[in-house]
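Structural description and commentary
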Number of protein chains: 2
Amino acid sequence: MTDFTFLCNECGARYGEDRSLYVCPACARFQAPGSFTRGVLRVELAEQSLPRRWPDAPLASPEGLAPFLPVRGPDSFFSFAAGGTPLLPVPRLREALRMPRLFLKDDTRNPSGSTKDRASALVVAKAIEYGYETVAAASTGNAATALSAAGAASGVKTVVFVPASAPPAKLVQMASYGARLVPVAGTYDQAFELSLEACARFGWYNRNTALNPFTVEGKKTASLEIARDLGPEAPDVVVVPTGDGVIVAGVAKGFADLVRCGLLPRVPRLVAVQPERSGAIARALRSGAAEITPEPDAGSVADSLTVAAPRNAVMALADVRASGGCGVLVSEAAILDAIPRLAAATSVFAEPAAAIALAGLELALAEGKVGREERVVLLVTGTGLKDVPAAARRVKVPEPLEPTIAAVEALLR
Amino acid sequence: MTDFTFLCNECGARYGEDRSLYVCPACARFQAPGSFTRGVLRVELAEQSLPRRWPDAPLASPEGLAPFLPVRGPDSFFSFAAGGTPLLPVPRLREALRMPRLFLKDDTRNPSGSTKDRASALVVAKAIEYGYETVAAASTGNAATALSAAGAASGVKTVVFVPASAPPAKLVQMASYGARLVPVAGTYDQAFELSLEACARFGWYNRNTALNPFTVEGKKTASLEIARDLGPEAPDVVVVPTGDGVIVAGVAKGFADLVRCGLLPRVPRLVAVQPERSGAIARALRSGAAEITPEPDAGSVADSLTVAAPRNAVMALADVRASGGCGVLVSEAAILDAIPRLAAATSVFAEPAAAIALAGLELALAEGKVGREERVVLLVTGTGLKDVPAAARRVKVPEPLEPTIAAVEALLR
């Protein structure tokens, strides 16, 4: 049993565990569309519950994770192999960038192909503890897919509210996992609101990002793995693709917990990478603004990062600033270029919203925000197989040739 | 240094290591199209080189693998995280099938999304040992993609010969890894012949399946991992999707080597699962025929298993028979049905050529070839994200609905 409380990131109010509490009632405000969330709750593990050494069990196992996560114990987890992804030394990219201490955390190798599986694993574990039969979520893609996969693994029923305009491939993957699919003729914000109403009406648990506190908490397992794999050294910088600000907050939370545990000297600097066309958090980080300015016309090829107003902006801004990190903004062309460049230098084929990490690192290097000698980790959050058409915009498939050696010689010339 | 020789599976001739030797010169015969390969060479590790206990290092690391594989040492491997995939206990599928000892080896979680990464890791390691700058392969999809990924990781140049009719998604993935793509206006057999000619002409190393002896050898690492993860118990049965017979031979080889090492009591029974529409090996296993009968009209939704004459049939038949195993034949409808059934019961989203394992297991159960109490492992060889259109044939995406709670209630009714 790991004791914990909920802490409001806005007013500092503290609450005990409550299965129907999502955001701070005093601070919560939603103004869809183009809104962001105030009053997101942060899980705070009790001092006496903090582990003071690394577990003997593998970190991605129930026994390895339970001491770090707000669950009753190892038995809270169901059989779902989220996380445990490799930290790659990427020698060829190191050479190309002249960065001898660069690493890549390959989170494309999660069960449904994205980092979101980490959050769904914890949320569904909590849903089971709380006695819910059904978990719902609104999402544009990866989060709903991850919830569907966790439902398939656990037997918990899942309902996913998605804009009907979502990529067909993602809809097919969710449906294959057996989720109840609710395609909404409307925007993501409308799907979000509808999911809230449906959860209230039907008594479902809600996994929505920047609403359910366990989405931030679940994603912190990526940081635990990075710190353990790099140990005894510590990372200097982690580069994090950023949309609504939940992944970057989760990454920060993992390192911060390890500092509290005495297992890491400090939280690494976090570089939040956003598309220029959906960059509210990075823009506020660069301007020093206290709050984000919503971008109603946000739209990027990195669909998983496209958001008018990042719902977890308040927490993300605070976390990146506290780490001494920064934000960078990447053009659409540079995002697309990064897909084959990353794949060809590392063997990691990423979706646009994940390949953006490479382009973001290069900008941070050029701006002097990251040094080439530093120990830097690129977090690559989703597989390129989820969005093959985007990759196809930057690679050339030659015309078919006759099966003769002369034709091959001509092609190679 | 692991000492080894090559052993002809046809005449039993033995050869020393030779970088330009692929198949037994005395027995080799190709009669494309519709041919199969005689004289495939099997790697035989020298008795004095066999490890007598499991390594202390993780099995998927260079230090863990080097004692079991025909390489000079751990330094022969480049940074490429092939294998190390989870063995899942799949509790919900166990319950549905009343098989309390069922496991799933999730090889969808390889770097490029398929088991073929295991073979490419070894072949490229050998190419580097031998001093080759370029490795080529003919393939319909996954093998060429895996070679491209290994090239990206190692810096070895890759050239892939593919029928121009291959799925565009696979072509885009290969091109993203930086492989030199040669789309051939012709059949797979023509691409195969052309790759042989090009390798001879340009001095490239050839990774073709059932030609390069290290493709069988590389795939055996799946068996090493299964045996180690299940230890001290041993698997009774392993269910293997089968096309040209290389994966099933590789799986057999891994277990056979462990028996020689004294680390496993016996090779488990192997169930070779093929589509009815591309089933030469399974048909020969069922009829007891000494040799396969080629099927010039082979064609299945399981594209990775479609082959007129399985090139590694001789070795595959011998290995499955020696294990006490059998072959089963799955209809096209059952292959497609298995995709969402496997995904919804296990959270593993597989391509048709991999989901077929579930359908094959059910047939083997019905035929009394496998008992429900036995310790059975399903090998799931490739991710469903490689062939989303196939999955889309069996799941329903509902019509978009208005964002009102009334519409949700109507949908759920």
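Further up the page is the structure itself.
Right, let's walk through the structure included here. Quick caveat, the model's predicted, so the values are computed rather than measured.

This next bit is on the overall build of chain A. What chain A contains, in helices and strands, is 15 helices and 13 strands. For 413 residues, the compact-globule estimate of 2.2 N^0.38 gives 22 Å, and chain A sits close to it at 21 Å. Along the longest, intermediate and shortest principal axes, the C-alpha atoms of chain A span 75 × 50 × 45 Å. Residues classed as buried in chain A amount to 61% of the 413 residues present. At a minimum sequence separation of 6, the contacts of chain A that also span at least 24 residues come to 71%.

Here the focus is the sheet that holds strand β8 (residues 180-184) of chain B. Residue and element names in this part refer to chain B. Pairing in this open sheet of four strands is parallel, and the strands run β8-β7-β6-β9 from one edge to the other. At either end of the open sheet lies a strand with only one pairing partner, and these are β8 and β9 (205-206). As paired elements, strand β6 (residues 134-138) and strand β7 (residues 157-163) share five bridges and run parallel to each other. Bridge pairing links Thr 134 to Lys 157 in β7. Taken strand by strand, helix α4 (residues 142-154) contacts β6 and β7, and its axis lies near 165 degrees from that of β7.

Our focus in this paragraph is the sheet that holds strand β1 (residues 4-8) of chain B. Residues and elements named next belong to chain B. Overall, antiparallel pairing links the three strands, which are arranged β2-β1-β3 in an open sheet. At either margin of the open sheet sits one strand with a lone partner, and together these are β2 (14-15) and β3 (41-45). Two elements, β1 and β3, share five bridges in a ladder whose sense is antiparallel. In the strand pairing of β3, Thr 5 is matched with Glu 44.

Moving on, we come to the relation of the copies chain B and chain A. Here chain B sits on chain A after a turn of 180 degrees about the axis and a move of 0.0 Å along it, with an RMSD of 0.0 Å. One copy is carried onto the other by what is essentially a two-fold rotation axis. Of all interface residues in chain B, 100% are interface residues in chain A too; the two copies therefore contact each other through one and the same surface.

Tallying the contact residues gives 64 residues for chain B and 64 residues for chain A. Of all the secondary structure elements, the ones that give two or more residues to the side of chain B that touches chain A are α2 (91-97), α4, α5 (168-176), β8, α6 (188-202), α12 (332-346), α14 (388-392) and α15 (405-412) of chain B. Grouping the constituent residues of the side of chain B that touches chain A by class yields 44 nonpolar, twelve polar and eight charged.

What follows deals with the environment of Ala 191 of chain A. In this structure, Ala 191 of chain A sits in helix α6 (residues 188-202). Those residues in contact with Ala 191 of chain A that sit more than four places away from it in its chain are Ala 138, Phe 161, Val 162, Pro 163, Val 184 and Gly 186 of chain A together with Pro 403 of chain B.

It is generally the case that most residues other than glycine have a negative phi and that most peptide bonds are trans. Residue and element names in this part refer to chain A. Cis peptide bonds are those with omega within 30 degrees of zero, and the linkage from Gly 231 to Pro 232 qualifies with 5 degrees. When you line up the elements, Pro 232 lands in the loop between α8 (221-230) and β10 (237-241). One non-glycine residue with positive phi stands out, namely Ala 210, at about 60 degrees. Mapped onto the secondary structure, Ala 210 falls in the loop between β9 (205-206) and α7 (213-219).

Further remarks concern α6 of chain A. Turn by turn, an α-helix covers 3.6 residues, leaving residues three or four places apart pointing in a common direction. Here α6 of chain A spans 21 Å end to end across 15 residues, near enough to the 21 Å set by a 1.5 Å rise per residue. Where α6 of chain A is concerned, the buried positions are Tyr 188, Asp 189, Ala 191, Phe 192, Leu 194, Ser 195, Ala 198 and Cys 199 of chain A. Contacts from the buried residues of α6 of chain A go to β6 (134-138), β7 (157-163), β8 (180-184) and β9 of chain A together with α15 of chain B. Downstream of α6 of chain A by a residue or two, Gly 203 of chain A has a phi angle that is positive, lying close to 75 degrees.

A few words on the pairing of strand β5 (residues 102-106) of chain B. Residue and element names in this part refer to chain B. Buried residues dominate β5, accounting for five of its five residues. Burial along β5 is two-sided: Leu 102, Leu 104 and Asp 106 facing one way and Phe 103 and Lys 105 facing the other are all buried. Bridge analysis of strand β4 (residues 87-88) against β5 gives two bridges, and the strand direction is antiparallel. Pairing of Leu 87 across the sheet is with Lys 105, part of β5. Inspection of the sheet shows β5 paired to strand β13 (residues 376-380) by five bridges, in the parallel sense. Bridge pairing in β13 places Leu 104 opposite Leu 378.

Once that is clear, we can look at the environment of Glu 10 of chain B. Residues and elements named next belong to chain B. For Glu 10, the position within the fold is in the loop between β1 and β2. What makes Glu 10 partly exposed here is the crowd of 19 C-beta atoms within 10 Å. If near-sequence neighbours (up to four positions away) are discounted, Glu 10 is found in contact with Cys 24, Cys 27, Arg 38, Gly 39 and Val 314.

Counted residue by residue, helix α5 (residues 168-176) of chain A has eight buried out of nine residues, so it is predominantly covered. Of the surrounding elements, those touching the buried residues of α5 of chain A are α4 (142-154), β7 and β8 of chain A together with α12 and α14 of chain B. Directly beyond the C-terminal end of α5 of chain A, a positive phi value near 90 degrees is found at Gly 178 of chain A.

This part is about the pairing of strand β10 (residues 237-241) of chain B. Residues and elements named next belong to chain B. Judged by how many residues are buried, β10 sits mostly within the fold: five of five residues are covered. Covered by surrounding structure in β10 are Val 237, Val 239 and Pro 241 together with Val 238 and Val 240, the residues of both alternating faces. Across five bridges, β10 lies against strand β11 (residues 269-275) in parallel orientation. Paired with Val 237 across the bridge in β11 is Arg 269. Handedness of the crossover is the feature at issue here: the chain leaves β10, passes through helix α9 (residues 246-261), returns alongside β11, and the resulting connection is right-handed.

Reading guide: rules and limits
Per-chain numbering applies: the sequence of each chain, read as written, is numbered from 1 onward. Ligands are numbered from 1 and chains lettered from A, in the order in which they are written. Totals for whole chains, interfaces and linings use every residue, but because this is a predicted model, local features are given only for residues with pLDDT of at least 70 and side-chain atom pairs only at 80 or more, for both listing and counting. The way it works is that DSSP assigns letters per residue, a run of H or I at least four long becomes a helix, a run of E at least two long becomes a strand, and they are numbered from the N terminus. Both definitions apply: the radius of gyration is a C-alpha atom measure, and the globule rule equals 2.2 Å times residues to the power 0.38. With C-beta atoms placed from the backbone, the exposure class of a residue follows from how many other C-beta atoms lie within 10 Å of its own: 20 or more, buried; 12 or fewer, exposed; in between, partly exposed. Remark: residues whose backbone-derived C-beta atoms lie within 7 Å of one another are considered to be in contact. In this description, strands pair whenever DSSP reports at least two bridges between them. Fitting a line to C-alpha atoms yields each axis, with helices limited to the stretch in contact; the angle taken between N-to-C directions then spans 0 to 180 degrees. Residues below a pLDDT of 70 in either copy are left out; the C-alpha atoms of the rest, at least 70 in both, set the least-squares superposition of the copies. Under the convention adopted here, Pro, Cys and the residues Ala, Val, Leu, Ile, Met, Phe, Trp and Tyr are nonpolar, Asp, Glu, Lys and Arg are charged, and Gly plus all remaining residues are polar. What a helix is expected to span follows from its residue count: subtract one and scale by 1.5 Å. Handedness of a crossover is defined as follows: with both strands directed away from the viewer, a clockwise route from the first strand across the helix to the second makes it right-handed.

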